[in-house]
Amino acid sequence: MSRTRTRSLVGLAALGLLALVGTGCTSGESAAPTSTPTDAAAPDAVASEVVGLWGQDAAGEPHLEFTADGEVHGSDGCNGITTTYTVDGGRISLAPFASTLKACEGVDDWLRSVRSAEVDGDVLVAMNAAGTKVGELTRAD
């Protein structure tokens, strides 16, 4: 191995070591947390709270049913919809829906714009991609 290459490797190793040591140093100030600690079980609690039917599974009624394995099935009152969900903290994130596209007079299709939700007691607060509330569904079971 050439002398120049050896020096380069030693230099890189030294820089890596300095970077590791530097991350452990503090400025003498106490390391206060930058955020409030959260309960590690909170996502699991939210996941178990959301499982079930929200809204009424009846003709013309919007509803979503969340399963324990991360799936969502339902209807906007006319078209069937299906997707998956994940839980991050207190927020439930929904992937874009797969949906039938029947034309139905008088049906408000707000439910198809839902991309996240939060559980507030027996109410599922539904929000669009911008985080704006678009509707609510009441727990059915």
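Residues numbered from 1 in each chain as written. Predicted model: local features only at pLDDT ≥ 70, side-chain atom pairs only at ≥ 80, totals over all residues. Heavy atoms only, no water.

(A) View of the pairing of strand S7 (residues 116-120). One ladder, built from 2 bridges, connects strand S5 (residues 91-94) with S7; its direction is antiparallel. Residue Ile92 lies in a different strand from S7, and its bridge partner there is Ala117. Examined bridge by bridge, S7 and strand S8 (residues 123-127) share 5 bridges and lie antiparallel to one another. Note that in S8 the partner of Glu118 across the bridge is Val125. Linkage of S7 to S8, two consecutive antiparallel strands, is achieved through a turn of 2 residues, within which Gly121 is found at a positive phi near 70 degrees. (Pairing = 2+ DSSP bridges. Helix = DSSP H or I, 4+ residues; strand = E, 2+ residues; numbered from the N terminus.)

(B) Representation of the nonpolar core in the model. Counting 18 residues, the largest nonpolar core has Leu64, Phe66, Ile92, Leu94 and Leu124 as the members making the most contacts within it. Beyond its immediate chain neighbours, meaning those up to four positions away, Phe66 contacts Val50, Val51, Gly52, Trp54, Glu71, Val72, Tyr85, Ile92, Leu94 and Leu124. (Core = buried A, V, L, I, M, F, W, Y, C linked by side-chain atoms within 4.5 Å. Buried < 20%, exposed > 50% of the residue type's maximum accessible area, 1.4 Å probe, protein only. Contact = heavy atoms within 4.5 Å.)

(C) Representation of the state of the cysteines within the structure. Enumeration according to the criterion identifies 1 disulfide in this entry. The disulfide that involves Cys78 links it to Cys104, with 1.4 Å between the sulfurs. Here Cys78, found in the loop between strand S3 (71-75) and strand S4 (80-88), pairs with Cys104, found in the loop between strand S6 (98-99) and S7; they are 26 residues apart in sequence, far enough to count as distant. (Disulfide = S-S within 2.5 Å.)

(D) Focus on the pattern of salt bridges. Taken as a whole and assessed by the stated rule, the structure comprises 5 salt bridges. For Glu118, the salt bridge goes to Arg91, with nearest N and O atoms at 3.1 Å. Linking Glu118 in strand S7 with Arg91 in strand S5, this pair joins segments that are 27 residues apart in sequence. The class of Glu118 is partly exposed, set by a relative accessible area of 33%. Here Arg91 falls in the partly exposed class, since its relative accessible area comes to 30%. (Salt bridge = Lys/Arg side-chain N within 4 Å of Asp/Glu carboxyl O.)

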